[in-house]
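An overview of the molecular structure
What follows is the residue order along each chain.
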Amino acid sequence: MVPHWVDGAPYTGSGTTTSPVTDPATGEVTGRVALADVADVQAAVASAKAAFPAWRDLSLTRRTRILFRFRELLEERKSELAELITAEHGKVLSDALGEIGRGQEVVEFACGAAHLLKGSMTENASTNVDLHSIRQPLGPVAVITPFNFPAMVPMWFFPLAIAAGNTVVLKPSEKVPSAANWMAALWAEAGLPAGVFTVLHGDRVAVDELLVHPDVEAVSFVGSTPVARHVHTTASRHGKRVQALGGAKNHMVVLPDADPDVAADAAVNAGFGSAGERCMAVSVVVAVGPVADSLVPRIATLAARVRTGDGRRGCDMGPLVTEEHRDRVAGYVAAGEREGARVVLDGREVRPDGEAGGFWLGPTLLDHVKPEMSVYTDEIFGPVLSVVRVDTFDAALDLVNANLYGNGACVFTSDGGAARRFEREVQAGMVGINVPVPVPMAYYSFGGWKNSLFGDTHAHGTEGVHFYTRGKVVTTRWPKRATPGLDLVFPQND
Ligand code: NAD
């Protein structure tokens, strides 16, 4: 049984429902996770609220030292965390280590809190009047995360929130609960006071209570678009700051002047890494003009070489997260075929290096996909790469820009002018030029446009610092003489 983590220790809670935890590579139920009821949410938030004043008041030097210690412990022990991720999510071990590395970058960024939280100062803005600005923490904040990055997505948020002096209640996906508890124990070992980092497991009951709880000041959410929209609407209505990152449909535009070998490599790595269960996975290749005829066979050849199997056996690609999700993704392949797409490589026929009960689907390549097909319109979130053929660069840009999602988009070309035009005109939050998965470094901010993000603040980087702090501007005068009596006129500067 995976318990919650409240007040610096495992916490059973009063909720009576649980959810199974499954190993996707075997299909076996390996445990259960406690699901919070409303009383558990209230206990978790009360603990976070109680811990806030002392944590806010601890000096920046001391807070930062704890972050450094967390970073060091994470670096030493990340292989343990990777094993937990593989056992519950299914991604191969090297990929699990990769996501931890990207999360660790945010911890490292947050270790610079002393610099990030600096205000500004203007001397003598008006005669004998100085101004300075400060940024202060908000209080308890909720972080609600999806199944596909059990370590990295929580780490997009909690290092900065904690560094800035907030306390955090993390509600991870109930499909992959153990990574969060492992990180909570690591925080405790690093010296974080009890109550600063809380883990609350649960489903929509827990989420819905966090969204309306009066002591939760801000909500960072990552998940599917319908839930992101619900989170944004509900939490905003209850007066909270919200950043709600949603789903994606990332396009890779390949122009006729691109090197087809480089583009094919990129399409396979970005399409099938983590079995396509990445919000920045490429799911549509937009082949412009004649490039399709050289690109599609190259992608098919490379993709056929991907070894699908148990992530602990050195394979390239693991299973999908649940049986239901695998069946849903396979259903999209069938629908695409029915609607007229050509199945160049069929992952339903995969022979995995893994147990028969695993949730397998091999790399799948669909050619001649049309924008009206469900395989194009919907977020599939699996190892299915669709090729849409268009005649011109204009048509490619129009296609990307008409899509409801706008997380990432990339172009492969050797023409600097075309790349520049793509960068300027594409409607997406993260853009790659000959880079298929343009996930920014921690010191930039991560986030999409359109239905890929609700709210106006992206994750980490400067926007993350702003999200987790409130600005205050102080105007100061130390008069040399007594104040000159009544003066009701609005203050003027001179
Ligand atoms: P999900 O929306 O099902 O779940 C996300 C979180 O919301 C989980 O903690 C879950 O317990 C909770 N939740 C689920 N249904 C809910 C409901 N009805 N009400 C309240 N809370 C609910 O998403 P998922 O399947 O775990 O993750 C995959 C999705 O996340 C994909 O759509 C993917 O694109 C998206 N994602 C987006 C980004 C990004 O940066 N934009 C990053 C990672 C994942």
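For clarity, every value in this text was computed on a predicted model and none was experimentally measured.

1. Here's the deal with the domain arrangement of the protein chain
Assigned domains within the protein chain: domain 1 (4-246 + 452-474) and domain 2 (250-433). Computed over C-alpha atoms, the centres of domain 1 and domain 2 are 31 Å apart. Tallying the contact residues gives 22 residues for domain 1 and 24 residues for domain 2. Between domain 1 and domain 2 lies a buried interface of about 1,900 Å² when both sides are counted; carbon and sulfur atoms form 61% of it. The three residues of domain 1 that bury the most area against domain 2 are Ala 25, Val 92 and Ser 452, which together make up 26% of that side's buried surface. The interface formed by domain 1 and domain 2 includes two salt bridges. We note a salt bridge from Arg 278 to Asp 95, for which the minimum N-O separation is 2.8 Å. Applying the counting rule to domain 1 against domain 2 returns nine residue pairs in polar contact (both at pLDDT 80 or more). Secondary-structure elements contributing two or more residues to the side of domain 1 that touches domain 2 are β3 (18-23), α2 (60-89) and α3 (93-110). The dominant element in the side of domain 1 that touches domain 2, judged by the number of residues it contributes, is α2, at four residues. Its residues assigned to classes, the side of domain 1 that touches domain 2 shows eight nonpolar, nine polar and five charged.

2. Remarks on the site of the ligand
Taken together, 28 residues sit near the ligand, with Lys 171, Glu 174, Ser 224, Gly 246 and Glu 379 positioned nearest. A distance of 3.0 Å is found between an oxygen atom of the ligand and a backbone nitrogen or oxygen belonging to Phe 147. The backbone of Gly 223 places a nitrogen or oxygen atom 3.4 Å from an oxygen atom of the ligand. Only α7 (204-212) and β10 (218-222) provide two or more residues apiece to the shell around the ligand.

3. Quick look at the pattern of salt bridges
Per the stated rule, a full pass over the model turns up 27 salt bridges. Close ionic contact of Arg 326 with Asp 327 constitutes a salt bridge, the shortest N to O distance being 2.8 Å. Relative accessible area serves as the criterion here: at 42%, Asp 327 is assigned to the partly exposed category. Taken together, the salt bridges that share partners define one network made up of Arg 71, Glu 72, Glu 75, Lys 78 and Glu 108.

4. A look at the pairing of strand β18 (residues 408-412)
Here β18 lies mainly inside the structure; five of its five residues are buried. Side chains Gly 408, Cys 410 and Phe 412 of β18 all project onto a buried face; the interleaved residues Ala 409 and Val 411 project onto the opposite face, where all are buried too. By the bridge criterion, four bridges tie strand β12 (residues 250-254) to β18 in an arrangement that is parallel. Counterpart to Val 254 in the pairing with β18 is Phe 412. The pairing of β18 with strand β19 (residues 430-433) spans four bridges and is parallel. Opposite Gly 408, over in β19, you have Met 430 as the bridge partner. For the segment spanning β18, helix α14 (residues 416-425) and β19, crossover handedness is right-handed.

The rules we used
Residues numbered from 1 in each chain as written. Predicted model: local features only at pLDDT ≥ 70, side-chain atom pairs only at ≥ 80, totals over all residues. Heavy atoms only, no water. Domains from an automatic or database assignment. Contact = heavy atoms within 4.5 Å. Buried area = accessible area lost by both parts, 1.4 Å probe. Salt bridge = Lys/Arg side-chain N within 4 Å of Asp/Glu carboxyl O. Polar contact = N/O pair within 3.5 Å; in protein donor to acceptor, adjacent residues only side chain to side chain. Helix = DSSP H or I, 4+ residues; strand = E, 2+ residues; numbered from the N terminus. Nonpolar A, V, L, I, M, F, W, Y, C, P; charged D, E, K, R; others polar. Near = heavy atom within 4 Å. Buried < 20%, exposed > 50% of the residue type's maximum accessible area, 1.4 Å probe, protein only. Pairing = 2+ DSSP bridges. Right-handed = clockwise from strand over helix to strand, strands pointing away.

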